[in-house]
Amino acid sequence: MNTNYTNINSLSIDQWVLSGWEWGQPINHDTFVKAKQGDWFVLLTPTKPVPKEWFGDIKNRKILGLASGGGQQMPIFSALGANCTVLDYSKEQLNTEAIVAKREKYEIDIVHADMTKPLPFANESFDLIFHPVSNCYVEDIFPIWKECYRVLKSGGILLTGFDNSINYIFDEDEEVMKYKLPYNPLKDKDLYEDSLKNNLGVQFSHTIEEQIGGQLKAGFMLTDIYQDTNGSGKLHEFNIPTYYATRAVKKIH
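Residues numbered from 1 in each chain as written. Predicted model: local features only at pLDDT ≥ 70, side-chain atom pairs only at ≥ 80, totals over all residues. Heavy atoms only, no water.

Caption draft 1: Fine view of the sheet that holds strand β5 (residues 152–163). As summarised here, the arrangement of the 7 strands in space is β3-β2-β1-β4-β5-β7-β6, forming an open sheet in which the pairing is mixed. Across the chains shown, the open sheet's two edge strands, defined by having one partner strand only, are β3 (109–112) and β6 (220–228). Pairs of neighbouring strands in the sheet enclose a mean axial angle of 15 degrees, with direction left out of account. Judged from the 5 bridges that link them, strand β4 (residues 126–131) and β5 form a sheet pairing that is parallel. (Pairing = 2+ DSSP bridges. Helix = DSSP H or I, 4+ residues; strand = E, 2+ residues; numbered from the N terminus. Axes fitted to C-alpha atoms, helices over the stretch in contact; angles between N-to-C directions.)

Okay, here's the thing in structure tokens:
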């Protein structure tokens, strides 16, 4: 099995974007204009808007969109007057960011990098990190939390969306419990081959200890949390939560 799985995921997401993946479709001009007028929302998880009180004042703040390419959140923050940087390992997701920035005439720093590696930023570079659902494409997520803590300023905010692994248990139709947890294709040859055959990329389940516990061990203080569903499908119809969003703060020192 190819342990350089992040390259596989980058190329897979490129293909998804070109095929119309919903998380790779940029906002339109009218949405950008409405954001400038104060009418806006952004998502960390499939359906629930992030509470605006989680952000505070956005204008002139330095925001990092971590694995947040696709032209959906960073344009909103830019419209609100933030100084934005977006890091993603999918070139197509970053290409979308560039297209929207050119269309709406704002500047954004676009960084093509693998978030499993040390982030290419100095200590205490950002006021806020916006990290939508994406660490499911990473086997070991604790280094990500540590890097987020490092590049945030004292008192900085980490907003994160992540799944709770329930989706990985079921088959494609959400009818049958098919897989055991943890879900890790790098440790299961058949699962790895199925993942590539079905163009799923290489995805991983994570425990609450890894997700929230990892943030706490990195030094963050958890200040708020909410749950969300898939937005469609049988689990959604039964209102089964499959995602969480958290707000955490780097302790002031």
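Having put the structure on the table, let's press on.
Caption draft 2: Broad picture of the packing of aromatic side chains. Evaluation of the coordinates by the stated rule reveals 14 aromatic pairs. Residues F121 and F126 carry aromatic rings whose centres are separated by 5.1 Å and whose planes lie at 90 degrees to one another, so their mutual orientation is edge-to-face. Each member of the pair F121 and F126 is classed as buried. Seen in terms of ring centroids, F162 and Y244 are 6.2 Å apart; in terms of plane orientation they differ by 40 degrees. Their pairing is tilted. Separated by 82 residues along the polypeptide, F162 in strand β5 and Y244 in strand β7 (residues 243–250) bring together distant segments of the chain. Judged by its relative accessible area of 1%, F162 is buried. Through successive ring pairs, a cluster of aromatic residues spans W40, F55, F77 and F130. (Phe/Tyr/Trp six-rings, centres within 6.5 Å; stacked < 30°, edge-to-face > 60°. Buried < 20%, exposed > 50% of the residue type's maximum accessible area, 1.4 Å probe, protein only.)

Caption draft 3: The pairing of β5, seen in detail. For β5, a buried count of 9 out of 12 residues is recorded, marking the element as mostly surrounded by other parts of the structure. Assessed by its sense of winding, the connection that carries the chain from β4 through helix α5 (residues 142–151) to β5 is right-handed. Across 7 bridges, β5 lies against β7 in antiparallel orientation. When the sheet's bridge partners are listed, D163 is paired in β7 with Y243. (Right-handed = clockwise from strand over helix to strand, strands pointing away.)

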